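# Examination of the molecular architecture
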Amino acid sequence: MSGRSGNPYPLGLRLAGRRVVVVGGGAVATRRVPALLDAGADVLLVSPQLTPALRAHVDAGRLHWEPRRFAPDDLDGAWLVQVAVDDRAAAAAVSAAAAERRIFCVRADDRAAATAWTPAVTRHGPVTVAVLGGGDPRRAMTVRDAVRDLLSVRPDLPGGTTGGTPGRVALVGAGPGDPELITLKGWRLLTEADVVVADRLVPGLLLDELRPDVELVDASKIPYGPSRTQEEINRILVDRALAGRAVVRLKGGDPYVFGRGGEELLACAGAGVPVTVVPGVTSAVAVPAVAGVPVTHRAVAHEFTVVSGHVAPDSPASLVRWESLAGLRGTLVILMGLKNLAAISATLIAHGKPPATPAAVIQEGTTRAERTLRSTLADVAADVTAAALRPPAIVVVGDVVHTLTTPPTTP
């Protein structure tokens, strides 16, 4: 580089199908490679050794790995090189080879010796914001975070779906109850929404963060029977989307785990409405985990089964083969089963499940109102009644109930 200084000239590199060379297989390369792959780059990784995360990319065929030290002809045909090694002499050799070929070079070890810098980046849907801090990574990250926070509260800045453009529907899982357990993508779509159709089990604090102009539809208050209610929800999703609005169908847990996300997707697809599905943290696994009950544990349970208990075992409408579940050695997780818990327990015992099998019931898991009861299969229904536990609650049956003597703490 020459001695002249100047502000960097910002560019958005379109790397799809173009060769990018990454020299080094450690932590820095582990951080940089995913963004290059996301950009569609043809990545050549040169390093004697790799981190397990990078090796996973190699095994999946996402990039090419040369398990050796760098050679100058590795840069033949490259558009960009990222040097991710601590060895300054080795990094300088890569820089020299890049300069000879007029290839921009990013250096993790010495930003002053680099011909290109990687910015601090935040992504908000189709909008990518890249911040350069004049050579100070901390400054760049501070500004990046401020911009990200601004876009979160002002999603109108990168543009919405209103104003004559086609609408869309997102089926978003809100998680098991703690508002912080929604996924980043789910939360982003929620901040962009014009309409939110919410279930009763959705964390209320998520709704409190909606923009004032958002239309909120409480699906639990639609005055119809179960089938008509679902028809009305489908109609609302389709009508609002066809009117050009961004609609989020916010559902507790995961949209497809004993929810009706599939029915809603089919209704939207039939009307030509594009749908995005955002999986959620399901209560079937998350609630027991937070209460100190892992659904699997080495040498204790190698399987877990999740069933709905909203239909009694002796009902002709039941699709669950309880007699088969009684013979499993793993963990049984029962959702929506509190009302029929006595009948479920009796049925499992009648088909051979030991009455002394440990059982736990967790009410309103992951929230401040969480309560946990530990019992046995024979006594759990009576103990739930005595403790006045109420829905929503998860029932766990199996030896994993007593695996952990100390439940995890919540920061």
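Just so it is clear, the model here is predicted, and its values are computed rather than measured. The numbers attached to residues start from 1 for each chain and follow its sequence in the written order. Owing to the predicted nature of the model, reporting of local features is limited to residues with pLDDT of at least 70; listing and counting of side-chain atom pairs is limited to 80 or more, with chain, interface and lining totals taken over all residues. Excluding hydrogens and water, the side-chain figures rest on all heavy atoms present in the structure.

### A short note on the overall build of the protein
- Each helix is a run of H or I in the DSSP string that is no shorter than four residues. Each strand is a run of E no shorter than two, and both are numbered from the N terminus. Counting its regular elements, the protein contains 12 helices and 17 strands.
- The buried share among the 411 residues of the protein stands at 43%.
- Only four residue types enter the charge count, namely Lys and Arg as positive and Asp and Glu as negative; His and the chain termini do not. To locate a charge, the coordinates of NZ of Lys, CZ of Arg, CG of Asp or CD of Glu are taken. Here the protein contributes 43 positive and 40 negative side-chain charges, whose respective centroids are spaced 4 Å apart. Think of it in three bands: residues with accessible area under 20% of the maximum for their type are buried, residues over 50% are exposed, and the middle band is partly exposed, with areas taken using a 1.4 Å probe on protein chains only.

### Here's the deal with the sheet that holds strand 13 (residues 304-308)
- The criterion for strand pairing is that DSSP finds at least two bridges linking the strands in question. Across the sheet, which stays open at both edges, the 5 strands sit in the order 13-14-17-15-16 with mixed pairing between neighbours. This sheet does not close on itself; its edge strands, each paired only once, are strand 13 and strand 16 (371-376). Pairwise comparison of adjacent strand axes, ignoring direction, gives a mean angle of 20 degrees for this sheet.
- Pairing of strand 13 with strand 14 (residues 331-335), which is carried by 5 bridges, proceeds in the parallel orientation. By the bridge assignment for strand 14, S308 is matched with L335.
- Against the sheet, helix 9 (residues 283-290) engages strand 13, strand 14, strand 15 (358-363) and strand 17 (393-397), with an angle of about 80 degrees to strand 17.
- Where helix 12 (residues 380-387) meets the sheet, its contacts fall on strand 15 and strand 16, and the angle it forms with strand 16 comes to roughly 145 degrees. In this analysis an axis means a line fitted to C-alpha atoms, helices contributing only their contacting stretch, and an angle means the value between N-to-C directions, from 0 to 180 degrees. Note on contacts: a residue pair is in contact if any heavy atoms of the two residues lie within 4.5 Å.

### With respect to the pattern of salt bridges
- By definition, a salt bridge exists where a carboxyl oxygen of Asp or Glu is found within 4 Å of a side-chain nitrogen of Lys or Arg. Here the structure, examined in full by the defined rule, presents 23 salt bridges.
- Residue E192 is joined to R168 by a salt bridge in which the shortest nitrogen-to-oxygen separation is 3.1 Å. With E192 in helix 5 (residues 184-192) and R168 in strand 8 (residues 168-173), this residue pair connects regions lying 24 residues apart in the sequence.
- By relative accessible area, E192 is classed as buried at 13%.
- When the shortest N-O distance is used, the salt bridge between R245 and E215 registers 3.0 Å. With R245 in the loop between helix 7 (226-242) and strand 11 (246-251) and E215 in strand 10 (residues 215-218), the pair connects residues that are 30 residues apart, well separated along the chain.

### Brief notes about the environment of P137
- Turning to its location among the elements, P137 is positioned in helix 4 (residues 137-153).
- Owing to a relative accessible area of 42%, P137 belongs among the partly exposed residues under this scheme.
- Distance in space between the C-alpha atoms of P137 and V238 is 45 Å, their sequence separation being 101 residues.

### Describing the packing of aromatic side chains
- Two rings belonging to Phe, Tyr or Trp (six-membered ring only in the last case) form a pair when the distance between their centres is within 6.5 Å. Interplanar angles under 30 degrees mark stacking, angles over 60 mark edge-to-face geometry, and anything in between is tilted. Per the counting criterion, the structure on display carries 0 aromatic pairs.
- Placement of a positive charge over a ring is assigned whenever Lys NZ or Arg CZ falls within 6 Å of the ring centre and within 35 degrees of the normal to the ring plane. Against the face of W79 rests R18, its NZ or CZ located 4.6 Å from the ring centre.
- The residue whose ring lies beneath R111 is W117, and the NZ or CZ to ring-centre distance is 4.7 Å.

### A few points about helix 8 (residues 261-270)
- Those residues of helix 8 not exposed but buried are G261, E264 and C268. Mapping the buried residues of helix 8 onto a view down its axis gives an arc of 65 degrees, with all of them on the same face. Residues of helix 8 that are exposed and point more than 90 degrees away from the buried face comprise L266 and G270. It is the directions from the helix axis to the C-beta atoms that the arc portrays.

### Remarks on the sheet that holds strand 9 (residues 195-198)
- On the basis of which strands lie adjacent, the open sheet formed by 5 strands has the order 10-9-11-8-12 and parallel pairing. Single-partner strands in this sheet number two, and they are strand 10 and strand 12 (275-278). Going across the sheet, the axis of each strand differs from the next one's by a mean of 15 degrees, ignoring polarity.
- On the sheet, helix 8 packs against strand 8, strand 11 and strand 12 and is oriented at approximately 175 degrees with respect to strand 8.

### Section: the packing of helix 11 (residues 341-350) against helix 12
- Contact geometry of helix 11 with helix 12 gives a least axis separation of 8 Å together with a crossing angle of 160 degrees. By the angle between their axes, helix 11 is roughly antiparallel relative to helix 12. Relative to helix 12, the crossing made by helix 11 is right-handed. The segment helix 11 lies against helix 12, with L341, A342 and S345 engaging V380, A381 and V384.
- Counted by class, the contact of helix 11 with helix 12 contains 5 nonpolar, 1 polar and no charged residues. Angles below 35 degrees are treated as roughly parallel, those above 145 as roughly antiparallel, those between 65 and 115 as roughly perpendicular, and all remaining angles as oblique. Two helices crossing with the near one rotated counterclockwise from the far one by less than a right angle form a left-handed crossing, whereas a clockwise rotation gives a right-handed crossing. Put simply, Ala, Val, Leu, Ile, Met, Phe, Trp, Tyr, Cys and Pro go in the nonpolar bin, Asp, Glu, Lys and Arg in the charged bin, and everything else, Gly too, in the polar bin.

### What about unusual backbone geometry?
- For the bond from P391 to P392, the omega torsion is 0 degrees, close enough to zero to count as cis.
- When you line up the elements, P392 lands in the loop between helix 12 and strand 17.
- A positive phi is found at E364, a non-glycine position, where the angle reads about 50 degrees.
- Relative to the assigned elements, E364 resides in the loop between strand 15 and strand 16.
- Of note, A388 is a non-glycine position whose phi angle comes to about 60 degrees, a positive value.
- Structurally, A388 is set in the loop between helix 12 and strand 17.

### Notes on a nonpolar patch on the surface
- Candidates for patches are residues over 30% relative accessible area with no salt bridge; among them, like charges are joined within 9 Å and nonpolar side chains (Val, Leu, Ile, Met, Phe, Trp, Tyr) within 5 Å. To measure how exposed things are, a 1.4 Å probe is used in the Shrake-Rupley method; for residues, cover is taken only from the protein chains shown. On the surface, a nonpolar cluster with roughly 410 Å² of combined accessible area is contributed by Y9, L11 and L13.
- Along the chain, the position of L11 falls in the segment before strand 1 (19-23).

### Some thoughts on the environment of T296
- Residue placement: T296 occurs in the loop between helix 9 and strand 13.
- Given the relative accessible area of 35%, T296 is considered partly exposed.
- C-alpha of T296 to C-alpha of R321: the two residues are 25 residues apart in sequence and 22 Å apart in space.
- Other than its neighbours up to four places away in sequence, T296 contacts A301, E303, F304 and V400.

### A look at the packing of helix 1 (residues 27-38) against helix 2 (residues 52-59)
- As a packed pair, helix 1 and helix 2 sit with axes 9 Å apart at the nearest point and diverge in direction by 30 degrees. Between helix 1 and helix 2, the angle is such that the two are roughly parallel. In the packing of helix 1 onto helix 2, the handedness of the crossing is left-handed. Residues A29, T30, V33, P34 and L37 of helix 1 form the contact with helix 2, whose own contacting residues are A53, L54 and H57.

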